[in-house]
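A closer look at the structure
What follows is the residue order along each chain.
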Amino acid sequence: MRKRTRRSGRRNNYHLLIAAGALVFSLAFFPRHAFGLVDERTPLQNRLALKGAEYVGSEDCEACHEKEAREFKLSTHSRISLPDQKGPSHGCEMCHGPGSLHVDAGGGRGVHIVNPKKDPSTCFNCHLDKKAEFRLPYHHPVLEGKMSCSDCHSAHGMEIRPWSSTTLDDTNEACLKCHEAQRGPFVWEHEAMREGCTICHKVHGSIHDKMLIVRDNNLCLRCHTQSNFQHVGKSYHEDRLIRGSCFSGGGVGEGCHTAVHGSNFHNRLTH
Ligand code: HEC
Ligand code: HEC
Ligand code: HEC
Ligand code: HEC
Ligand code: HEC
Ligand code: HEC
Ligand code: HEC
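Residues numbered from 1 in each chain as written. Chains lettered and ligands numbered in written order. Predicted model: local features only at pLDDT ≥ 70, side-chain atom pairs only at ≥ 80, totals over all residues. Heavy atoms only, no water.

1. Overview of the overall build of the protein chain
Selection criterion: Numbered from the N terminus, helices here are DSSP runs of H or I no shorter than four residues, and strands are runs of E no shorter than two. Note on classification: 1.4 Å probe, protein chains only; a residue is buried when its accessible area is under 20% of the maximum for its type, exposed when over 50%, partly exposed between these limits. In this description, accessible areas are obtained by the Shrake-Rupley approach with a 1.4 Å probe, and a residue is regarded as covered only by the protein chains that are shown.
When helices and strands are tallied, the protein chain shows 12 helices and 6 strands. Taking all 271 residues of the protein chain together, 28% fall into the buried category. With an accessible surface of roughly 18500 Å², the protein chain has 58% of that area assigned to carbon and sulfur atoms.

This is the structure:
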């Protein structure tokens, strides 16, 4: 008797396992059925708008979006995709999602197409690490919808990067259009600015306040270490350095050089 119960108990467990397996299986594949050919990784509201849409390839887009198509041919993302292929990693649709419904409807704003200016999720299909960066404690508010990748990156243009290797001016320009206060001109410039904002700042997000690369003396000592160290610049710094950060803080002796971007008042960038 005992034996039997145990056996049937085991059988029940077995059935339970199969049922659970089937549930997991169907859950995993549900979105594919529900949303037709739309890529599962497309954001939900877009998925609904794109329900039933298929990938048509870039040629269809070119007829109506001549300007974007022309620019895009020379871009980074054009180089990584095959012009005559369709699918989630090719041409316009890698960022705009499958376009058949948009095309059939004769196009239009908000008509069955993804605009990554409003929702960068399609970018994260390939650049997942960037999503993590925007989730760090200090970050540009892209996921919050207050700004977009295209504020700094030119998605269709030849250079998607906000600056090219040839001109560092573009570097800062991409940032200064919003951060006017750092533009200057300052009576006493900080030469570090010529290296670009990214010498000190992370651009997407950081674990450090003000999106700094590091938030202590090391930020400054990368450039200001000299052979007669303990001297920084023209003055002896040993007792000052141990007290805290060169540029911020509230303690006595901390935060001497608060005007890190340049100063109109003092050549030592103290205010
Ligand atoms: C028959 C013409 C036509 C075709 C084909 C077409 N579009 Fe459009 N599309 C439009 C029009 C018109 C607009 C509205 C533009 C405007 O108002 O400036 C538009 C808007 C867009 C927008 C902006 C949407 C928004 O909500 O801001 C995107 C992105 C877009 N199209 C991408 C594509 C892509 C990708 C393809 C190819 C799969 C494509 N279009 C094919 C006519 C077309
Ligand atoms: C690497 C991703 C990417 C690819 C590939 C891409 N786009 Fe875009 N597209 C964007 C982004 C980002 C925006 C939003 C730009 C903005 O307005 O700030 C955009 C905006 C648009 C718009 C709306 C412009 C407006 O006036 O609001 C159209 C139309 C468009 N793209 C068409 C195309 C076409 C056609 C192709 C292929 C030839 C293409 N895109 C390929 C990222 C991409
Ligand atoms: C289908 C995959 C895919 C999608 C979607 C995609 N990218 Fe990319 N992206 C790539 C690949 C691959 C590279 C590397 C190209 C190279 O190194 O030449 C790249 C390069 C870049 C670069 C330049 C990197 C460098 O070192 O110069 C930037 C910036 C970028 N992508 C931003 C975006 C943005 C913003 C979007 C969305 C609007 C987007 N990408 C959508 C695959 C993608
Ligand atoms: C505030 C401006 C800004 C915004 C907003 C921004 N980026 Fe960037 N991004 C940059 C800069 C500047 C670089 C170059 C960083 C460097 O060289 O140190 C860069 C580099 C990149 C790179 C290539 C370098 C790498 O680290 O692999 C990718 C890919 C990229 N960004 C994707 C994105 C995506 C996707 C978004 C939107 C979700 C986005 N960026 C939003 C400024 C920005
Ligand atoms: C489209 C406008 C825009 C562009 C372009 C832009 N930023 Fe920002 N930046 C913002 C906004 C918005 C915030 C968030 C401000 C807040 O939360 O109060 C911010 C925050 C910051 C902060 C933190 C400021 C603080 O008080 O905590 C730093 C540092 C910064 N950005 C540097 C940069 C750099 C470097 C670039 C160029 C790669 C850049 N920004 C490009 C809009 C922009
Ligand atoms: C030499 C390093 C360095 C460089 C280069 C640099 N920053 Fe900063 N930045 C800092 C430091 C340090 C802080 C934080 C100051 C604090 O917390 O008291 C800061 C703070 C900021 C803030 C927050 C507001 C403020 O003034 O505290 C913004 C915005 C900012 N930087 C933008 C930029 C931009 C844009 C560029 C390029 C044009 C740039 N920074 C270049 C070191 C630098
Ligand atoms: C990319 C390199 C670099 C970084 C990083 C850097 N600086 Fe500088 N800084 C320079 C250069 C170059 C000069 C001009 C030559 C000199 O005086 O050493 C300068 C000059 C100065 C001066 C004026 C010195 C004087 O006596 O006239 C001060 C103060 C200063 N930096 C403070 C800082 C602080 C604070 C930090 C950290 C937030 C910092 N620097 C980070 C490169 C850098």
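2. Remarks on the coordination of the iron atom of ligand 3
Geometry sets the ideal angles at a metal, namely 109.5 degrees for four tetrahedral donors and 90 or 180 degrees for six octahedral donors. As a reminder of what qualifies: Donor atoms: N, O and S within 2.8 Å of the metal, or within 3.2 Å for Na, K and Ca. Because water is excluded, sites can look incomplete. Only four donors with every angle between 85 and 135 degrees are called tetrahedral; only four or six donors with opposite donors over 155 degrees apart and all others between 65 and 115 are called square planar or octahedral, in that order; all others are irregular.
Within the protein, the atoms that donate to the iron atom of ligand 3 are His77 (NE2) and His127 (NE2), at distances of 1.9 to 2.0 Å. Around the iron atom of ligand 3, the 6 donor atoms are arranged such that angles at the metal cover 89 to 180°; this shape is classified as octahedral. Taken together, the positions of His77 in helix H5 (residues 76-79) and His127 in the loop between helix H8 (121-126) and helix H9 (128-134) put the pair 50 residues apart, joining distant regions of the chain. Classification of His77 as buried rests on a relative accessible area of 17%.

3. Re the site of ligand 7
The line we're drawing: A single heavy atom is enough: if one lies within 4 Å of a molecule or strand, its residue is considered near that molecule or strand. Pairs of N or O atoms within 3.5 Å make up the polar contacts considered here, provided that, within protein, one atom can donate a hydrogen while the other can accept it, and that residues adjacent in sequence are counted only when both atoms are side-chain atoms. Residues are sorted three ways: Asp, Glu, Lys and Arg are charged, Ala, Val, Leu, Ile, Met, Phe, Trp, Tyr, Cys and Pro are nonpolar, and all the rest, Gly among them, are polar.
Taken together, the neighbourhood of ligand 7 is formed by 16 residues, with His190, Cys220, Cys223, His224 and Arg268 sitting nearest. A distance of 2.8 Å is found between a nitrogen atom of ligand 7 and a side-chain nitrogen or oxygen belonging to His190. For ligand 7, a nitrogen atom lies 2.7 Å from a polar atom in the side chain of His224. Along the lines of polarity and charge, the residues of the shell around ligand 7 split into 9 nonpolar, 4 polar and 3 charged.

4. Examining the coordination of the iron atom of ligand 6
For the iron atom of ligand 6, every protein donor is listed as His201 (NE2) and His261 (NE2), and the spread of their distances is 2.0 Å. Every donor counted, the 6 donor atoms about the iron atom of ligand 6 form angles of 89 to 179° at the centre, which fits octahedral coordination. Of this pair, His201 sits in the loop between strand S2 (188-189) and strand S3 (205-206) while His261 sits in the loop between helix H12 (238-241) and strand S6 (262-263), placing them 60 residues apart in sequence. Relative accessible area serves as the criterion here: at 25%, His261 is assigned to the partly exposed category.

5. Some points on a negative patch on the surface
Note the cut-off: For patches, a residue must show more than 30% relative accessible area and have no salt bridge; joins then use 9 Å for like charges and 5 Å for nonpolar side chains, namely Val, Leu, Ile, Met, Phe, Trp and Tyr. The term salt bridge refers to a side-chain nitrogen of Lys or Arg lying within 4 Å of a carboxyl oxygen of Asp or Glu. Charge counting treats Lys and Arg as positive and Asp and Glu as negative, with His and both chain ends excluded. Charge positions come from single atoms, namely NZ of Lys, CZ of Arg, CG of Asp or CD of Glu.
Taken together, Glu59, Asp60, Asp84 and Asp104 make up a surface patch of like negative charges. With respect to the helices and strands, the residue Asp60 is situated in helix H3 (residues 59-62).

6. Quick word on the pattern of salt bridges
Side-chain pairing between opposite charges can occur once the charged atoms of the two side chains come close. For the structure on display, the rule yields 8 salt bridges. Note that Glu71 and Lys67 form a salt bridge whose closest N and O atoms lie 3.8 Å from each other. Highlighted residues: Glu71 and Lys67, both in helix H4 (residues 66-72), separated by 4 residues, approximately one helical turn. Take Glu71: its relative accessible area is 32%, and that puts it in the partly exposed class. The salt bridge involving Arg183 is made with Glu173; its shortest N-O contact spans 3.1 Å. In this pair, Arg183 is assigned in the loop between helix H10 (169-176) and S2 and Glu173 in helix H10, connecting sequence segments 10 residues apart. In this structure Arg183 comes out as partly exposed when scored by relative accessible area, which is 35%. The structure contains a network of salt bridges with shared partners spanning Asp129, Lys130 and Glu133.

7. A short note on the site of ligand 1
In the vicinity of ligand 1, 19 residues are found, and the nearest of them are Cys61, Cys64, His65, His102 and Gly110. Here a nitrogen atom of ligand 1 sits 3.4 Å away from a polar atom, N or O, in the main chain of Gly108. In the model, an oxygen atom of ligand 1 is placed 2.8 Å from a nitrogen or oxygen of the Gly110 main chain. Listed by contribution, the elements that provide at least two residues to the shell around ligand 1 are H3 and helix H7 (100-104).

8. Thoughts on unusual backbone geometry
Omega for the bond connecting Gly184 with Pro185 falls within 30 degrees of zero, at 0°, which places this linkage in the cis form. With a phi close to 50°, His112 is a non-glycine residue in the positive phi region. Structurally, His112 can be placed in the loop between H7 and H8. Relative accessible area serves as the criterion here: at 31%, His112 is assigned to the partly exposed category. Notably, Met211 is not glycine yet its phi reads approximately 50°, a positive angle. Positionally, Met211 belongs in the loop between S3 and helix H11 (218-224). Exposure remark for Met211: the relative accessible area of 13% places this residue in the buried category.

9. Let's talk about the environment of Thr258
Spelled out, the test is: Pairs of residues are marked as contacts when any of their non-hydrogen atoms sit within 4.5 Å.
Its place among the elements puts Thr258 in the loop between H12 and S6. For the pair Thr258 and His271, spaced 13 residues apart in the sequence, the C-alpha separation amounts to 5.6 Å. If we skip the residues at most four places from it in the chain, Thr258 touches Phe247, Leu269, Thr270 and His271.

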